[in-house]
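# Inside the fold
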Amino acid sequence: MEMTNLHLPRSQPEAQGIPSTAVIEFLNAVKESNLELHSLMLLRHGQVVAEGWWKPYASDIPHMLFSLSKSFTSTAIGFAASEGKLSLDDTVVSFFPEDAPEVIEPNLSAMRIRHLLMMGTGHDKDTTTKMTQSEDGNWAKVFLHDPVEHVPGTHFVYNSGATYMLSAILQKVTGQTLLEYLQPRLFEPLGIEGATWESCPLGIHVGGWGLNVTTEDIAKFSQLYLQKGVWNGQCLLQESWIEEATSKQIANGDGGESDWAQGYGYQFWRCRHGVYRGDGAFGQFCIVMPEQDAVLAMTSGTNDLQGVLDAVWDHLLPAMEPSPLSSDEDSLTKLSERLQGLAIQLPRLQPDSPLEAAISGKNYKLDDNEQNWKGISITFIDNHAVVVLSKEDNEYRINLGRGEWLEGITGLLQDGDKRVVSSFTWEQEDTLLLTLRFIETPFAMTSRILFDGDKIVMNHKSNVLPDLAEIRGRMTE
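A brief structural summary. (Residues numbered from 1 in each chain as written. Predicted model: local features only at pLDDT ≥ 70, side-chain atom pairs only at ≥ 80, totals over all residues. Heavy atoms only, no water.)

The three strands lie next to each other as S3-S5-S4, forming an open sheet whose pairing is antiparallel. Where the open sheet ends on each side, the last strands, each with one partner, are strand S3 (63–64) and strand S4 (196–197). Bridge count between S3 and strand S5 (residues 211–213): two bridges; the pairing is antiparallel. Counterpart to histidine 63 in the pairing with S5 is valine 213. (Pairing = 2+ DSSP bridges. Helix = DSSP H or I, 4+ residues; strand = E, 2+ residues; numbered from the N terminus.)

One can describe the packing of helix H2 (residues 69–82) onto helix H8 (residues 178–190) by two numbers: an axis separation of 10 Å at closest approach and a directional angle of 75°. Here H8 runs roughly perpendicular to H2, going by the angle between their axes. Residues Phe72, Thr73, Thr75, Ala76, Phe79 and Ala80 of H2 touch H8, and the partners they reach there are Leu178, Tyr181, Leu182, Arg185, Leu186 and Phe187. Of the residues assigned to the contact of H2 with H8, the class counts are nine nonpolar, two polar and one charged. (Axes fitted to C-alpha atoms, helices over the stretch in contact; angles between N-to-C directions. Parallel < 35°, antiparallel > 145°, perpendicular 65-115°, else oblique. Contact = heavy atoms within 4.5 Å. Nonpolar A, V, L, I, M, F, W, Y, C, P; charged D, E, K, R; others polar.)

Quick look at the pattern of salt bridges now. Scanning the entire structure with this criterion turns up 23 salt bridges. Measuring nitrogen to oxygen at the nearest pair gives 3.0 Å for the salt bridge that ties arginine 437 to glutamate 36. One end of the pair, arginine 437, is in strand S18 (residues 431–437); the other, glutamate 36, is in the loop between helix H1 (20–32) and strand S1 (37–44), with 401 residues separating them in the sequence. A salt bridge links aspartate 89 to arginine 114; the shortest N-O distance between them is 2.9 Å. Placement of the pair is aspartate 89 in the loop between H2 and helix H3 (106–110) and arginine 114 in helix H4 (residues 113–117), with a sequence separation of 25 residues. (Salt bridge = Lys/Arg side-chain N within 4 Å of Asp/Glu carboxyl O.)

Moving on, we get to the sheet that holds S1. Strand-to-strand pairing in sheets goes through backbone hydrogen bonds, with the strands running parallel or antiparallel. Pairing is antiparallel across the open sheet formed by six strands, whose spatial order is S2-S1-S11-S10-S9-S8. The sheet is open, and its two edges are formed by strand S2 (47–53) and strand S8 (269–270), each paired on a single side. One ladder, built from five bridges, connects strand S9 (residues 276–280) with strand S10 (residues 284–289); its direction is antiparallel. Bridging from a neighbouring strand, arginine 277 pairs with isoleucine 287 of S10. Sheet strands touched by helix H9 (residues 215–226): S1, S2, S9, S10 and strand S11 (294–300). Its angle to S11, the strand with the most contacts, is close to 150°. Of the strands in this sheet, S1, S9, S10 and S11 are in contact with helix H11 (residues 305–316), which crosses S10 at around 30°.

So, about the pairing of S1. Most of S1 sits out of view: eight of its eight residues are buried. Here seven bridges tie S1 to S11, and the two strands are oriented antiparallel to one another. Opposite leucine 40, over in S11, you have methionine 298 as the bridge partner. In the sheet, S1 pairs with S2 via six bridges, with the strands oriented antiparallel. Bridge pairing in S2 links methionine 41 to glutamate 51. Hairpin geometry of S1 and S2 is characterised by an intervening segment of two residues between the two adjacent antiparallel strands and by a positive phi of about 50° at histidine 45. (Buried < 20%, exposed > 50% of the residue type's maximum accessible area, 1.4 Å probe, protein only.)

The next thing to look at is unusual backbone geometry. The step from lysine 55 to proline 56 runs through a cis peptide bond, and the omega angle for that step is 15°. For proline 56, the position within the fold is in the loop between S2 and S3. Phi is positive for asparagine 34, close to 55°, though the residue is something other than glycine. Assignment of secondary structure puts asparagine 34 in the loop between H1 and S1. Classification of asparagine 34 by relative accessible area gives exposed; the value is 69%.

Further remarks concern the packing of H2 against helix H7 (residues 160–174). Where H2 meets H7, the closest approach of the two axes is 10 Å, and the angle between their N-to-C directions is 35°. As H2 packs across H7, the resulting crossing turns out to be left-handed. Each of Lys70, Thr73, Ala76, Ile77 and Ala80 in H2 lies in contact with H7, whose residues at this interface are Ser160, Thr163, Leu166, Ser167 and Leu170. Its residues assigned to classes, the contact of H2 with H7 comprises five nonpolar, four polar and one charged. (Left-handed = near helix turned anticlockwise from the far one by under 90°.)

Pasting the structure below:
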C-alpha cells in the first residue's frame, strides 16, 4: 500500500467490496443504541472507504487513547526485542536492582517481560492505583513491592501498572522515552505527527494510557498490523512479532458472547470472528479484521464498548464481499451526506431568559463540594456568555455560545490546558443549561443551574463518568 502526503489512500465502499448501505446501517445502529461515537475510519484492502467525525470533533484534533496506548507500548517492545535490546524472557526485577525488595519472592523472581505483555504478572489486582498514589513518584518500586499472589503466566489481571513497567524497562535499555524511541521506527514512517504521551513524576511515559493521536493515526497503526509490519514495501516490524502479539497468549475468560473473554495477546485483545483489537476506555478502538483485509479506527465517549463492537459484527463484518461490487450511486450519495452531516446534538431550547439582566456578572458563593469550587459568575454578552468558576488557587473562564459552540482552552478538566467547545441554552426561564465538550478527550459535561431568588442549585452530569453531587450557592453582595 503506497501512501501520499502522509495520508492514507481513499476509495469508495463498493470498489472495495462493501455496500454503502452496510455503513449506513452501522451508523443507524449506533444512533439507535445512543452510542456516542466521535469518529470512525473504515479501511478495506488498504483504502479508506468511509470516514466521519461527529461535529464538534474533527479530523485534525488528537484524541485521548486511554488503554489503546498499550498496543503502541507493546509495539515499542517488539522493536526493542528485534534489535536485541531486550528479550521477552528477561526477568522484570533484573532491570530494577535498586528498587527491588530485599527479599525477592519466587513469583516476583519468575516474572518476565512476556508476563507484563500478556497481563499475566501474577498479581491478584491492578497495581496502578497504588503506583500513582506513591508519595515519592517511584512507580516501579511500588510495582515490585506489591505481592505477587500467582505464578506468572497463569492468571490474567488487566493491569496498567504492567504496561508502565514495559515503558520503564524500555527507557532503561534505550535511554529514550517511548515517544522518542518510536519516533523514527513507527511514527515517522507512518507519517504520524504531533503525538504526545503523559509521563509519570520521574519522566517515564506511563505506557498504559496517556497517548494522544488522531483517528487517521490509529487507522495507520491498525493497517501496519494488518499488513504484518510492512509499510510502503518496507518491513518496519517483524511479522513473527505481530503474529505473537496478536495471538492468544493467556486466557481471560470462557469465550462466549463477550469480546473481553476471547483471550489476550501482548496488549491486544482477541475478539470473536477471528478479529483482534486494541482498545481504550470510553470507546477508543483499533480493530483489525485479517480475514476481511479490513481495519476500523474509532474514537468515542461511551461506556458501552461491547455495544459498539456488536454493531461492527452485525453490520460491517458480514457485508464485506471478496470482490468489488457494482456501483450504487444512490446509496453512495446517501452515505456521503450522512458522513458529512454527523454531529453531536447541541441542546437548543429557549435562546434567552428575562432573568439574564438580573444575574449577569453577579457572584455566587458555593457551599463546600467535592470539586473544591468556591464561586461562580455568569456574564451574558450578546450571543455568548462568560462563566468564571473559581477554586482557592485558580480561576477558570469559559466562553459559551448562545445555542452554538464556541471553542476555547481550559485547564478545568485536568492538569494542562485542553480544547473545549461550550454552549448554553435556557431549559426554562429559571434554569440554565451549560454544555462543555472537551474535544481532545471522551469527556463532556452538562451543568443545569436553577436560579431561585438569590440562591442557585447546580447539577452536573457527564457522558461517561458518574454524576457529581449537587452544589448549592448564594449570591454575594
